[in-house]
Amino acid sequence: ILLQHTPKYIQFHHYGGVSEAESRSNGVAAGVSPQKFIFSPEPSMEDIRRMQADFTDERDWNKFHQPRNLLLAMVGEVGEVAELFQWRGEVAEGLPDWTETEREQLAHELSDVLIYLVELAEKCRVDLPQAVLRKMALNRLKYPSSKVHGSAKKYTEYKD
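Rules of the game
Residues numbered from 1 in each chain as written. Predicted model: local features only at pLDDT ≥ 70, side-chain atom pairs only at ≥ 80, totals over all residues. Heavy atoms only, no water. UniProt positions renumbered as here; feature names shortened; annotations may be inferred. Helix = DSSP H or I, 4+ residues; strand = E, 2+ residues; numbered from the N terminus. Expected span 1.5 Å × (residues − 1). Buried < 20%, exposed > 50% of the residue type's maximum accessible area, 1.4 Å probe, protein only. Phe/Tyr/Trp six-rings, centres within 6.5 Å; stacked < 30°, edge-to-face > 60°. Lys NZ or Arg CZ within 6 Å of the ring centre and 35° of its normal. Salt bridge = Lys/Arg side-chain N within 4 Å of Asp/Glu carboxyl O. Contact = heavy atoms within 4.5 Å. Lys, Arg positive; Asp, Glu negative; His and termini not counted.

- Under an unreviewed UniProt entry, the protein chain has the name dCTP pyrophosphatase 1 and belongs to Poecilia reticulata.
- What UniProt states about the protein chain under its Subunit (unreviewed entry) heading is, verbatim, "Homotetramer."
- Here the protein chain is described in UniProt, under the heading Catalytic activity (unreviewed entry), as follows: "dCTP + H2O = dCMP + diphosphate + H(+)".

Now the structure itself:
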């Protein structure tokens, strides 16, 4: 699905047809390596921020959408994501055993988490894309691949 932006409107377009069986198997045939998942290029983080800001402004909700409230709302949405995974045991990448309805529920809840995260970052004046770049650089220093390859230890557990 692609979002096309026009002033105050969002148009949804579905890209190409993938059968339910293909999407459930992540498009992987026997003996074929799975394709890497990538996000669609749009909307950008700024597009999402702008759409949510417009949504909030149109409803006069800014008085309610302050950092603490946004954080608590986001935590509630994370709880809703967790509820979808609860009692399932390990879940395989690509969610091959999930129905389309379950996948759509997950997409909705993850979207809620992202929307609140972006709005929280806006209210706290954190430029998320730039913060991610800085954080990834720090993570590369903390977790050099030559030292941590294949291990899940915390960075404080590695010896120099």
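1. Some thoughts on helix H2 (residues 45-58)
- An ideal rise of 1.5 Å per residue puts 20 Å on 14 residues; H2 measures up with 20 Å between its terminal C-alpha atoms.
- When we look at burial in H2, the residues that qualify are Asp47, Ile48, Gln52, Ala53 and Thr56.
- One or two residues past the end of H2 sits Asp60, with phi positive at roughly 55°.

2. Quick word on the packing of aromatic side chains
- On inspection of all chains with the given rule, the structure shows 3 aromatic pairs.
- On the numbers, 5.4 Å between centres and 85° between planes, the contact of Phe37 with Phe39 is edge-to-face.
- An angle of 75° between the planes, with centres 5.7 Å apart, marks the rings of Phe55 and Trp61 as edge-to-face.
- Directly above the ring of Phe55 sits Arg59, whose terminal nitrogen or CZ lies 3.7 Å from the centroid.
- Cation over ring: Arg88 sits above Trp98, and NZ or CZ is 4.1 Å from the ring centre.

3. Considerations on the pattern of salt bridges
- Applying the stated criterion across every chain, the model contains 8 salt bridges.
- Across the pair Arg50 and Glu46 runs a salt bridge, and its minimum N-O distance is 3.3 Å. Of this pair, Arg50 and Glu46 both sit in helix H2, separated by 4 residues, roughly a single helical turn.
- Owing to a relative accessible area of 39%, Arg50 belongs among the partly exposed residues under this scheme.
- Glu122 serves as the salt-bridge partner of Arg49, at 2.8 Å between the closest nitrogen and oxygen.

4. Quick word on the environment of Met45
- Within the fold, Met45 resides in helix H2.
- Once the C-alpha coordinates of Met45 and Val118 are considered, the two residues, 73 residues apart in sequence, prove to be 7.5 Å apart.
- Look past the residues within four positions of Met45 in its chain and what remains in contact with it is Val118, Leu128 and Pro129.

5. Overview of the side chain of Glu109
- Mapping Glu109 onto the fold places it in helix H4 (residues 100-123).
- No salt bridge is formed by the buried Glu109, whose closest oppositely charged neighbour, Arg88, lies at an N-O distance of 12 Å.

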